[in-house]
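Read off the chains here:
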Amino acid sequence: AQKVTQAQTEISVVEKEDVTLDCVYETRDTTYYLFWYKQPPSGELVFLIRRNSFDEQNEISGRYSWNFQKSTSSFNFTITASQVVDSAVYFCALRAGNRDDKIIFGKGTRLHILP
Amino acid sequence: DSGVTQTPKHLITATGQRVTLRCSPRSGDLSVYWYQQSLDQGLQFLIQYYNGEERAKGNILERFSAQQFPDLHSELNLSSLELGDSALYFCASSAVAGSVSYGNTEAFFGQGTRLTVV
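Draft legend 1. Structural view of the pairing of strand β7 (residues 64-68) of chain B. Burial along β7(B) is one-sided: the residues F64(B), A66(B) and Q68(B) are buried and none of S65(B) and Q67(B) is. As consecutive antiparallel partners, β7(B) and strand β8 (residues 74-78) of chain B are separated by five residues, and within that stretch L72(B) has a phi angle of approximately 80°, a positive value.

If you want it as structure tokens, here you go:
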């Protein structure tokens, strides 16, 4: 069975603080892909990052960084120096297997950045 | 702009009715996915088509059906609508033809169709 758990339902931080969104996944496949998507108040789903199961290197993109740890089945997302525009719902997601099969989403974390 | 187009953006209809949601994938993408997002259920996978064939089914009700046409656009048909079907329906596409590893590609989402059943 495949599953993605985002234990944090809602987080509020003050602007400029750092914030980490947690993601834990479950799969029996040795090949899998992990994703983060952002859903701003306007409603669209915006792709942020894809990481495959063979690449445990952390990734940094501007104020965003991702920490992938297979030992703990986690793929956490950190926003550094948060901004009000970062307010959104963030979804962690999993695709198991080596085909473009369905992507399973966690329930999302609603992030509020307070001015 | 993700390149995935969904129409209509909003739809209001009465219980018992039938509606069709349309999705045009990104140019060259062979896979189309449909998801339902409701307040209490999060993003639920409904169904996937790959190059015209059904590939995977998720939590799709029997009242719902989908198809993918030769030009790769897809339609999601919802019938005998109930109040509980009110949700945001997303279409996504991925897998450009010729990709070496189809799994190693993200899905791009359309803007969604907000369905309200009254």
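Draft legend 2. Fine view of the packing of aromatic side chains. Residue and element names in this part refer to chain B. Overall, the coordinates contain 20 aromatic pairs over all chains when judged by the stated rule. A ring pair is formed by Y35 and F109, whose centres lie 5.6 Å apart and whose planes are at 50°; its orientation type is tilted. Taken together, the residues span a long stretch of sequence, with Y35 in strand β4 (residues 29-38) and F109 in strand β10 (residues 108-109) at a distance of 74 residues. Among the residues examined, Y35 registers a relative accessible area of 1% and is labelled buried. By relative accessible area, F109 is classed as buried at 3%. For the ring pair F64 and Y89, a centre distance of 6.4 Å and an interplane angle of 70° mean the geometry is edge-to-face. In this pair, F64 sits in strand β7 while Y89 sits in strand β9 (residues 87-96), placing the two residues 25 residues apart along the sequence. As far as burial versus exposure is concerned, F64 and Y89 are alike and both buried.

Draft legend 3. Layout of the sheet that holds β7(B). Residues and elements named next belong to chain B. Strand order in this open sheet of four strands is β1-β3-β8-β7, and the pairing throughout is antiparallel. The two strands at the open ends of the sheet, each matched to only one other strand, are β1 (5-7) and β7. Taken over all neighbouring pairs, the strand axes of this sheet differ in orientation by 15° on average, direction set aside. By the bridge criterion, five bridges tie β7 to β8 in an arrangement that is antiparallel. Looking at β8, one finds that A66 is bridged to L76.

Draft legend 4. Expanded view of the nonpolar core. Residues and elements named next belong to chain A. With 23 residues, the main nonpolar core has W36, F75, F77 and Y90 as its most contacted residues. Among the elements of the structure, β2 (10-14), β3 (19-21), β5 (32-39), β8 (64-69), β9 (74-79), β10 (88-96) and β12 (109-114) are those that each provide at least two residues to this core. At four residues, the largest contribution of residues to this core is made by β10. For Y90, the residues in contact, after removing those within four places along its chain, are Q6, L21, W36, Y37, K38, L48, Y64, F77, I79, G108, T109 and L111.

Draft legend 5. Main features of the pattern of salt bridges. Residue and element names in this part refer to chain B. Within this structure, the stated rule accounts for eight salt bridges over all chains. In this structure, R22 engages E75 in a salt bridge whose closest nitrogen and oxygen atoms are separated by 4.0 Å. Residue R22 is located in strand β3 (residues 19-24), and its partner E75 is located in strand β8; the two are separated by 53 residues in the primary sequence. The partly exposed category is assigned to R22, whose relative accessible area is 33%. What makes E75 buried here is its relative accessible area of 19%. For R63, the salt bridge is made with E82, and the minimal N-O distance between the two is 3.7 Å.

Draft legend 6. The pairing of strand β6 (residues 53-57) of chain B, seen in detail. With four bridges joining them, strand β5 (residues 42-50) of chain B and β6(B) adopt antiparallel strand pairing. Residue pairing across strands places I47(B) opposite K57(B), the latter belonging to β6(B).

Draft legend 7. The interface of chain A and chain B, seen in detail. On the chain B side, the residues contacting the 19 residues of chain A number 24 residues. Both faces considered, chain A and chain B share a buried interface measuring about 1900 Å² in area, 49% of it formed by carbon and sulfur atoms. Across the chain A-chain B interface, the total number found is one salt bridge. In this structure, the salt-bridge partner of E106(B) is R50(A), at a minimum N-O distance of 2.0 Å. Counting every contact that joins chain A to chain B gives five residue pairs in polar contact (both at pLDDT 80 or more). When residues of the side of chain A that touches chain B are traced back to their parent elements, those giving at least two are β5, β6 (46-52) and β10 of chain A. The greatest single-element share of the side of chain A that touches chain B, amounting to four residues, is contributed by β5(A). Classifying every residue of the side of chain A that touches chain B by side-chain character gives eight nonpolar, three polar and eight charged.

Calculation notes
Residues numbered from 1 in each chain as written. Chains lettered and ligands numbered in written order. Predicted model: local features only at pLDDT ≥ 70, side-chain atom pairs only at ≥ 80, totals over all residues. Heavy atoms only, no water. Buried < 20%, exposed > 50% of the residue type's maximum accessible area, 1.4 Å probe, protein only. Helix = DSSP H or I, 4+ residues; strand = E, 2+ residues; numbered from the N terminus. Pairing = 2+ DSSP bridges. Phe/Tyr/Trp six-rings, centres within 6.5 Å; stacked < 30°, edge-to-face > 60°. Axes fitted to C-alpha atoms, helices over the stretch in contact; angles between N-to-C directions. Core = buried A, V, L, I, M, F, W, Y, C linked by side-chain atoms within 4.5 Å. Contact = heavy atoms within 4.5 Å. Salt bridge = Lys/Arg side-chain N within 4 Å of Asp/Glu carboxyl O. Buried area = accessible area lost by both parts, 1.4 Å probe. Polar contact = N/O pair within 3.5 Å; in protein donor to acceptor, adjacent residues only side chain to side chain. Nonpolar A, V, L, I, M, F, W, Y, C, P; charged D, E, K, R; others polar.

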